[in-house]
Amino acid sequence: MNDDPAMLVASFLQTLHDREIQHDEPDAVQRFGLAYQPLTAFARQADSARQNQMLHALAAGFSEQQSNWEFGCLANTCGAIVEWGGDPAIAIEPILDRLTQRSEAHTSELQS
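Reading the values: the criteria
- Every chain begins its residue count from 1, and numbering advances along the sequence as written.
- Reporting of local features is limited, given that this is a predicted model, to residues whose pLDDT is at least 70; pairs of side-chain atoms are given and counted only at 80 or more, and all residues count toward the totals for whole chains, interfaces and linings.
- For side-chain calculations, the full set of non-hydrogen atoms in the structure is used, while hydrogens and water are omitted.
- Lines are fitted to the C-alpha atoms to define the axes, a helix being fitted only along its stretch in contact, and any angle between axes, read from their N-to-C directions, falls within 0 to 180 degrees.
- Numbering of helices and strands runs from the N terminus, with a helix taken as a DSSP run of H or I at least four residues long and a strand as a DSSP run of E at least two residues long.
- An angle below 35 degrees is read as roughly parallel, one above 145 as roughly antiparallel, one from 65 to 115 as roughly perpendicular, and any other as oblique.
- Take the far helix as the reference: if the near one is turned anticlockwise from it by less than a right angle, the crossing is left-handed, and if turned clockwise, right-handed.
- Contacts were defined at the residue level, with two residues in contact if any of their heavy atoms lie within 4.5 Å.
- Basically, the charged four are Asp, Glu, Lys and Arg, the nonpolar ten are Ala, Val, Leu, Ile, Met, Phe, Trp, Tyr, Cys and Pro, and anything else, Gly included, counts as polar.
- The term nonpolar core refers to a set of buried residues drawn from Ala, Val, Leu, Ile, Met, Phe, Trp, Tyr and Cys, joined through side-chain atoms within 4.5 Å.
- The rule is simple: take the accessible area with a 1.4 Å probe, protein chains only, and divide by the maximum for that residue type; under 20% is buried, over 50% is exposed, in between is partly exposed.

Participant: How should the packing of helix α1 (residues 5-21) against helix α2 (residues 26-45) be read in this particular structure?
Facilitator: Each pair of packed helices can be described by the angle between their axes along with the distance between the axes. It is the contact of α1 with α2, at a shortest axis distance of 8 Å, that shows an interaxial angle of 150°. Here α2 runs roughly antiparallel to α1, going by the angle between their axes. For the crossing formed where α1 meets α2, the hand is left-handed. Residue-level inspection shows P5, L8, V9, S11, F12, T15, L16, D18 and R19 of α1 in contact with α2, the latter providing A28, V29, R31, F32, A35, Y36, P38, L39 and F42. In terms of residue class, the contact of α1 with α2 is made up of 13 nonpolar, two polar and three charged.

Structure follows, in structure tokens:
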């Protein structure tokens with residue numbers, strides 16, 4: 001198993017984005033799985049310091065340009081690491097900012 005959290009996160013973020021822009025093309029889905037599985041396997045057994053290191057790197061991957069699916073997948077991955085012992089405060093701000101932004105946009109659309 002790869003024990004470099006930075007490389008695991010970088011591979012995950014790249015394959016996540018590739019899967020999105022390639023519209024779930026089968027090879028992209030397979031590459032995503034091959035990046036997601038070792039990331040989560042490592043995070044599940046890592047100590048909290050390494051989990052937090054991974055959360056910081058994942059949180060840096062949030063972007064306003066991401067589709068809802070890509071953003072949601074990243075947010076869910078952060079949530080899983082929090083469930084395994086990571087600090088929820090690390091990734092919560094960009095997640096709440098996005099939810100607030102989407103909620104405000106939705107409310108504005110309903111009022112129009």
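Past the structure itself, the notes keep going.
Participant: Explain the nonpolar core here, please?
Facilitator: When a protein is soluble and globular, its nonpolar side chains tend to lie buried together. With 23 residues, the main nonpolar core has F12, M54, L58, F62, L74 and C78 as its most contacted residues. Those elements that provide at least two residues to this core are α1, α2, α3 (48-59), α4 (68-83) and α5 (89-111). When neighbours within four sequence positions are excluded, M54 is seen to be in contact with P5, V9, L39, F42, A43 and I81.

Scope: geometric values only; no functional claims are made or implied.
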